[in-house]
There are 2 protein chains.
Amino acid sequence: MAQTDTKTRILDAAEQLFARDGYHSTSMRSLTELAQVNLAAVNYHFGSKEGLIKAVFARRLNPLNRIRQEQIEAVLQQAEAEGARPQAKELLRAFIAPILEFRKTESGAQNFLTLIGRSLSEPDETVRSYFIQQVLPIFTLLFRSLQHALPQLPEQLLFSRIQFAMGAMSHMMVNSPQHQKTLPGFPKPLPTEQMADELLEFISAGLEAPC
Amino acid sequence: MAQTDTKTRILDAAEQLFARDGYHSTSMRSLTELAQVNLAAVNYHFGSKEGLIKAVFARRLNPLNRIRQEQIEAVLQQAEAEGARPQAKELLRAFIAPILEFRKTESGAQNFLTLIGRSLSEPDETVRSYFIQQVLPIFTLLFRSLQHALPQLPEQLLFSRIQFAMGAMSHMMVNSPQHQKTLPGFPKPLPTEQMADELLEFISAGLEAPC
DNA sequence: TTATAACTTAAACACTCGTTTGAAACGGCT
DNA sequence: AGCCGTTTCAAACGAGTGTTTAAGTTATAA
């Protein structure tokens, strides 16, 4: 399977370099060198550099978003079975936890998390819009579910708070404990596991603040 | 004053394009064309493209951070005069409000806010590290002050929560209401003023969550 | 084995990049 | 007026960009 092998090697190298150096600062030459494939292989298999980053997103995001959807719907169904409202924190956990779970299992996943953490503030229109397009369905589901969980919160306000939460979340993914070097005079970052728990606490408290 | 005029025009154009397209995607040719100066003018006045972005940061951040420092110290002194602990929310307001105040007065300030909002997740080492270097003193002051405000919070946990807050904050600055186009099916964003207030509520609630 | 499709390869293409150069123009000074 | 430091200018430099080409190689199916 020289074919599949080549495509996979390209995707892995792209994930690594796009995350570390950014999309535009990564050259096809350094990418194909790292992947140990010919320079023309990317255009042959993915059409263009833009086609490549779309494939990088799709490979990880498709299975990941399927799991997130299942978990959110599980929270909704259990709440309905109990005749209660779903809890905001549980919905957020269903949205966030699969990401960190996936970091532990998949190799190179940390690279991908840095990449999507940066994608929300990506200046390049094509990169950002393709990322948003991939994430929009699961984001919509989260938004509608949180409306049920927090019915007293005006729609506009809920939307803003979710945006704040996304900001905190993507910031954590970019500055993961592994990557960030401890600044002198500041405490060393929490281990990843605990950091994720604390993020959930932080976001839940912010979402559920009185209005 | 043709000299100052040229430098200012370059700084304004750089602020605008670096914010909109990112540092690397902005070419000296498009930048100098927008500024209506000669291509070589940037290298003459600022030495290099890197020298230019340093100057872009310094022009806005120096006065801004001075104001933030004054306001934080004012909160601390008033608390001490009352023999009470400073309130976390007031410290955060002193940190955030000057940014939005400055958006209303300075023209082109919104561009700059987008720029620094993106700088925290900037892949390029030189850009990010220079930004961090500019912000570190005021960030340190905020951190120490919040330690006084929330003494029951472990140092590591406080640090993480401040990071989450920075993420929410920078995300808001990048996706300002003016820039973001409303997605169909979602509420339109809050006006800037109210958005800033809500950000403060969100962050305060997250910071003061029980542990 | 042979025809055919899939894949890999080295080389070139047409641009764009940040920076440098040396001459020209400007402005304040004696 | 004439000098001189400052600023502007058009042109070019060398290096790097994503993509294309056409020939070569390998695998698949008849």
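Residues numbered from 1 in each chain as written. Chains lettered and ligands numbered in written order. Predicted model: local features only at pLDDT ≥ 70, side-chain atom pairs only at ≥ 80, totals over all residues. Heavy atoms only, no water.

**Re the overall build of chain A**
Right, on to step 1. A count of helices and strands for chain A gives nine helices and zero strands.
Right, on to step 2. In chain A, the succession of α and β elements from N to C terminus is α-α-α-α-α-α-α-α-α.
Right, on to step 3. Over its C-alpha atoms, taken along the principal directions, chain A stretches across nearly 60 × 45 × 30 Å.
Right, on to step 4. Going through the 211 residues of chain A one by one, you find that 53% of them count as buried.
Right, on to step 5. The contacts in chain A between residues at least 6 apart in sequence include a share of 70% that link residues at least 24 apart. (Helix = DSSP H or I, 4+ residues; strand = E, 2+ residues; numbered from the N terminus. Buried < 20%, exposed > 50% of the residue type's maximum accessible area, 1.4 Å probe, protein only. Contact = heavy atoms within 4.5 Å.)

**As for helix 2 (residues 28-35) of chain A**
Residues and elements named next belong to chain A.
Right, on to step 1. Within the span of helix 2, buried status applies to Met28, Leu31, Thr32 and Ala35. When helix 2 is viewed along its axis, its buried side chains cluster within an angular range of 90° and face the same direction. Along helix 2, the residues that are exposed and aim more than 90 degrees away from the buried face are Arg29 and Glu33.
Right, on to step 2. Gln36 sits one or two positions beyond helix 2 and adopts a positive phi of about 55°. (Arc of directions from axis to C-beta.)

**Brief notes about the relation of the copies chain B and chain A**
Right, on to step 1. Rotating chain B by 180° and translating it 0.0 Å along the rotation axis places it on chain A, where the RMSD comes to 0.1 Å. Overall, the copies show the geometry of a two-fold rotation axis. (Least-squares fit on C-alpha atoms with pLDDT ≥ 70 in both.)

**With respect to the packing of helix 4 (residues 49-81) of chain A against helix 6 (residues 109-119) of chain A**
All names here are of chain A.
Right, on to step 1. Their axes nearest at 11 Å, the elements helix 4 and helix 6 cross at an angle of 110°. For the element pair helix 4 / helix 6, the angle class is roughly perpendicular. In this structure, helix 4 uses Val56, Phe57, Arg60 and Leu61 to contact helix 6, whose residues at the interface are Ala109, Phe112, Leu115, Ile116 and Ser119.
Right, on to step 2. Its residues assigned to classes, the contact of helix 4 with helix 6 shows seven nonpolar, one polar and one charged. (Axes fitted to C-alpha atoms, helices over the stretch in contact; angles between N-to-C directions. Parallel < 35°, antiparallel > 145°, perpendicular 65-115°, else oblique. Nonpolar A, V, L, I, M, F, W, Y, C, P; charged D, E, K, R; others polar.)

**A short note on the nonpolar core**
Right, on to step 1. Counting residues in each nonpolar core, the largest one holds 142 residues, and the members touching the most others are Leu52 and Phe57 of chain A together with Leu52 and Phe57 of chain B.
Right, on to step 2. Not counting the four nearest positions on each side in its chain, Leu52 of chain B is found in contact with Ile10, Leu11, Ala14, Phe18, Leu31, Val42 and Phe46 of chain B. (Core = buried A, V, L, I, M, F, W, Y, C linked by side-chain atoms within 4.5 Å.)

**What to know about the interface of chain B and chain A**
Right, on to step 1. Between chain B and chain A, the residue contacts involve 51 residues of the former and 51 residues of the latter.
Right, on to step 2. Of all residues in chain B, the largest losses of buried area upon contact with chain A belong to Phe164, Phe186 and Phe202 of chain B, amounting jointly to 19% of the total for that side.
Right, on to step 3. The interface formed by chain B and chain A contains zero salt bridges.
Right, on to step 4. Counting across the interface, chain B meets chain A through nine residue pairs in polar contact (both at pLDDT 80 or more).
Right, on to step 5. Within the residue set of the side of chain B that touches chain A, elements represented by two or more residues are helix 1 (2-21), helix 7 (125-149), helix 8 (155-174) and helix 9 (192-207) of chain B.
Right, on to step 6. Tallying contributions element by element places helix 8 of chain B first for the side of chain B that touches chain A, with 15 residues.
Right, on to step 7. For the side of chain B that touches chain A, the per-class residue count stands at 25 nonpolar, 14 polar and twelve charged. (Buried area = accessible area lost by both parts, 1.4 Å probe. Salt bridge = Lys/Arg side-chain N within 4 Å of Asp/Glu carboxyl O. Polar contact = N/O pair within 3.5 Å; in protein donor to acceptor, adjacent residues only side chain to side chain.)

**Overview of the confidence of the model for chain A**
Right, on to step 1. Counting all residues, the mean pLDDT for chain A is 93, and 96% of those residues have values of 70 or more.
Right, on to step 2. Mean pLDDT across the secondary structure elements of chain A bottoms out at helix 1 (residues 2-21) of chain A, with 89, and peaks at helix 2 of chain A, with 98. (pLDDT = per-residue confidence, 0-100.)

**Digging into the side chain of Arg103 of chain B**
Residues and elements named next belong to chain B.
Right, on to step 1. With respect to the helices and strands, the residue Arg103 is situated in helix 5 (residues 88-105).
Right, on to step 2. For the buried Arg103, no salt bridge exists, and the shortest N-O distance to an oppositely charged side chain is 7.4 Å, to Glu193.
Right, on to step 3. Within the local environment of Arg103, its side chain forms a polar contact with the side chain of Gln110, the two groups lying 2.2 Å apart. (Lys, Arg positive; Asp, Glu negative; His and termini not counted.)

**Details of helix 6 (residues 109-119) of chain B**
Right, on to step 1. Where burial is concerned, most of helix 6 of chain B is hidden: eleven out of the eleven residues are buried.
Right, on to step 2. Listed in full, the buried residues belonging to helix 6 of chain B are Ala109, Gln110, Asn111, Phe112, Leu113, Thr114, Leu115, Ile116, Gly117, Arg118 and Ser119 of chain B.

**Points about the packing of helix 5 (residues 88-105) of chain A against helix 6 of chain A**
Residues and elements named next belong to chain A.
Right, on to step 1. Look at helix 5 against helix 6: their axes get within 8 Å of each other, and the N-to-C directions meet at 145°. Two secondary-structure elements touch here, helix 5 through Ile99, Phe102 and Arg103 and helix 6 through Ala109, Gln110, Phe112 and Leu113.
Right, on to step 2. Its residues assigned to classes, the contact of helix 5 with helix 6 shows five nonpolar, one polar and one charged.

**Section: the packing of aromatic side chains**
Right, on to step 1. Going through the model one piece at a time under the given rule, you end up with 21 aromatic pairs over all chains.
Right, on to step 2. Considering the side-chain rings of Phe186 of chain A and Phe143 of chain B, the 5.3 Å spacing of their centres and the 55° angle between planes classify their relative orientation as tilted. Within this pair, whereas Phe186 of chain A is found in the loop between helix 8 (155-174) and helix 9 (192-207), its partner Phe143 of chain B is found in helix 7, the two belonging to separate chains.
Right, on to step 3. Taken together, Phe139, Phe143 and Phe159 of chain A together with Phe186 of chain B form an aromatic cluster joined through their ring pairs.
Right, on to step 4. The cationic tip of Lys7 of chain A hangs over the ring face of Phe46 of chain A; the distance from NZ or CZ to the ring centre is 5.8 Å.
Right, on to step 5. Against the face of Phe186 of chain A rests Arg144 of chain B, its NZ or CZ located 5.8 Å from the ring centre. (Phe/Tyr/Trp six-rings, centres within 6.5 Å; stacked < 30°, edge-to-face > 60°. Lys NZ or Arg CZ within 6 Å of the ring centre and 35° of its normal.)

**Re the UniProt feature "DNA-binding region" (unreviewed entry) in chain A**
Right, on to step 1. UniProt's entry tags residues 27-46 of chain A with the feature "DNA-binding region" (unreviewed entry), counted in the numbering of this structure.
Right, on to step 2. Summarising residues 27-46 of chain A: 70% helix, 0% strand, and an end-to-end C-alpha distance of 15 Å. (UniProt positions renumbered as here; feature names shortened; annotations may be inferred.)

**Notes on the side chain of Ser121 of chain B**
Right, on to step 1. Its location among the elements puts Ser121 of chain B in the loop between helix 6 and helix 7.
Right, on to step 2. Among the polar contacts made by the side chain of Ser121 of chain B, one reaches the side chain of Ser121 of chain A at a distance of 2.8 Å.
Right, on to step 3. Beyond its immediate stretch of four places on either side in the chain, Ser121 of chain B contacts Arg118, Ser121 and Val174 of chain A.

**Notes on the environment of Pro98 of chain B**
All names here are of chain B.
Right, on to step 1. One can find Pro98 in helix 5.
Right, on to step 2. Between the C-alpha atoms of Pro98 and Ser119, which are 21 residues apart in sequence, the distance is 18 Å.
Right, on to step 3. Those residues in contact with Pro98 that lie beyond four places of it in its chain are Leu64, Ile67, Arg68, Gln71 and Arg93.

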